[in-house]
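As a plain string of letters, each chain reads:
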Amino acid sequence: MTAQLIDGKMIAQQVRDEVAATVAKRTAAGKQKPTLATVLVGDRPDSQAYVKSKGKACEELGMGSVSHHLPAETSQEELEKLIKSLNDDKTINGILVQLPLPSHLNEERVLQLISIEKDVDGFSPINIGRLAQKGREPLFVPCTPYGCIYLLEKSGVKIEGANAVVLGRSNIVGMPAALLLIGKNATVTVCHSRTQDLPGTVRRADILIAAIGKTEMVRGDWIKPGAAIIDVGINSVPDATKKSGHRLVGDVNFNEAKEVAGFITPVPGGVGPMTIAMLMKNTLRAAEIQDK
Ligand code: GUN
């Protein structure tokens, strides 16, 4: 192995420890606990697990959490009514609507309703719009891309002037990750299902953020020697040697890539733990903004 492993689990724990220490100081000073409201509509098992971990993290860091679990058939009107009541509720600092919503609900209308001061996911059009504009600052940066950039910076990877390639253009990861990299003066190429010569494009990347959801798609010979690889993929593959019968792998073939790259995140234990750590950081920030 030539690449330096970027230990997301350890870096996420450092972020969590810092957040917990600040929360403890605030609480000792008599301030209200930073409190996150999560909203889950429907019964997707993956979304239920994510929301549960977010609530658990709040508890572990001395923060409050309130979870709203609505049935899959909830109407747009009912969901909007809940968001409005959370916007008005002074005991709630952050609001997170777990995505995807069931298909009959209008995600855009829901996200734009969240007060920007409570938009800890950074998905409201105002926060994303500011991220996309020069000289403007969003109040909150979406958690997974924020975690990707944090890992690069903590590992000493130079972003300014680098050729960065982002695989995937989702609203949750690819697009905001590309905007963040541009804001840090990288030269950014965003690839997607219709990109021609994907291997050739990836080969020019000093920094690769892979968020395309395709099992081990990026091969070792696609990677520029010394590149920094941030693998956002979480794909389950059958593995008879595991008790569960499966294991998780990324969008990058780790065993091949680690022999060529300069830095690489593992799956699991890379970007995954960062998403919740950055959400906790954003929730604390929301409480600080609302103090003022
Ligand atoms: N679904 C997948 N990732 C996320 C996330 O970071 N936030 C929300 N709200 N939903 C998601």
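Calculation criteria
- Residues numbered from 1 in each chain as written.
- Predicted model: local features only at pLDDT ≥ 70, side-chain atom pairs only at ≥ 80, totals over all residues.
- Heavy atoms only, no water.
- Helix = DSSP H or I, 4+ residues; strand = E, 2+ residues; numbered from the N terminus.
- Buried < 20%, exposed > 50% of the residue type's maximum accessible area, 1.4 Å probe, protein only.
- Areas by Shrake-Rupley, 256 points an atom, 1.4 Å probe, with all protein chains shown as cover.
- Lys, Arg positive; Asp, Glu negative; His and termini not counted.
- Charge placed at Lys NZ, Arg CZ, Asp CG, Glu CD.
- Near = heavy atom within 4 Å.
- Polar contact = N/O pair within 3.5 Å; in protein donor to acceptor, adjacent residues only side chain to side chain.
- Nonpolar A, V, L, I, M, F, W, Y, C, P; charged D, E, K, R; others polar.
- Salt bridge = Lys/Arg side-chain N within 4 Å of Asp/Glu carboxyl O.
- Pairing = 2+ DSSP bridges.
- Axes fitted to C-alpha atoms, helices over the stretch in contact; angles between N-to-C directions.
- Patch = residues over 30% accessible without salt bridge, like charges linked within 9 Å, V, L, I, M, F, W, Y side chains within 5 Å.
- Expected span 1.5 Å × (residues − 1).
- Arc of directions from axis to C-beta.
- Contact = heavy atoms within 4.5 Å.

(A) Focus on the overall build of the protein chain. Each helix and strand in the protein chain was counted, giving 10 helices and 11 strands. In terms of overall dimensions, the protein chain has C-alpha extents of about 55 × 40 × 40 Å along its principal axes. Taken across its 292 residues, the protein chain has 51% of its residues classed as buried. Total accessible area computed for the protein chain in this model is approximately 14,100 Å², and 51% of it derives from carbon and sulfur atoms. Taken as two groups, the 35 positive and 32 negative side-chain charges of the protein chain have centres that lie 3 Å from each other.

(B) Layout of the site of the ligand. Taken together, Lys54, Leu96, Val97, Gln98, Leu99, Asp121, Phe123 and Ile172 form the complete shell of residues around the ligand. Gln98 has a polar side-chain atom sitting 3.3 Å from a nitrogen atom of the ligand. For the ligand, a nitrogen atom lies 2.9 Å from a polar atom in the backbone of Leu99. Here the ligand, which alone exposes 280 Å², has 84% of that area covered by the protein. Residue composition of the shell around the ligand, by class: 5 nonpolar, 1 polar and 2 charged.

(C) Here's a closer look at the pattern of salt bridges. By the definition in use, this model includes 11 salt bridges. In this structure, Asp46 and Arg44 form a salt bridge, with 2.7 Å as the shortest nitrogen-oxygen distance. In this structure, the salt-bridge partner of Glu60 is Lys56, at a minimum N-O distance of 3.4 Å. In this pair, Glu60 and Lys56 are both assigned in helix α2 (residues 45-60), 4 residues apart and thus about one turn of the helix distant. What makes Glu60 partly exposed here is its relative accessible area of 47%. A residue is classified by how much of its surface remains accessible, and Lys56, at 53% relative accessible area, is exposed. The network of salt bridges with shared partners includes Arg16, Lys56 and Glu60.

(D) Representation of the sheet that holds strand β3 (residues 64-70) within the structure. The strand order across the open sheet formed by 3 strands is β3-β2-β4, and the pairing between neighbours is parallel. The two strands at the open ends of the sheet, each matched to only one other strand, are β3 and β4 (94-97). Averaged over all pairs of adjacent strands, the angle between their axes in this sheet comes to 15°, without regard to strand direction. Of the pairings in the sheet, the one linking strand β2 (residues 35-41) to β4 comprises 4 bridges and is parallel in character.

(E) Structural context of a negative patch on the surface. A cluster of acidic residues, Asp43, Glu73, Glu77 and Glu78, forms a negative patch at the surface. Locating Glu73 in the fold gives a position in the loop between β3 and α3 (76-88).

(F) Just α3, in detail. Here α3 spans 19 Å end to end across 13 residues, near enough to the 18 Å set by a 1.5 Å rise per residue. Considered for burial, the residues of α3 that qualify are Gln76, Leu79, Glu80, Leu82, Ile83, Leu86 and Asn87. The buried residues of α3 occupy one face: seen down the axis, they fall within an arc of 155°. Exposed positions of α3 whose direction lies more than 90 degrees from the buried face are Glu77, Lys81 and Asp88. Those residues of α3 that are buried are in contact with β2, β3, β4 and α4 (107-113).

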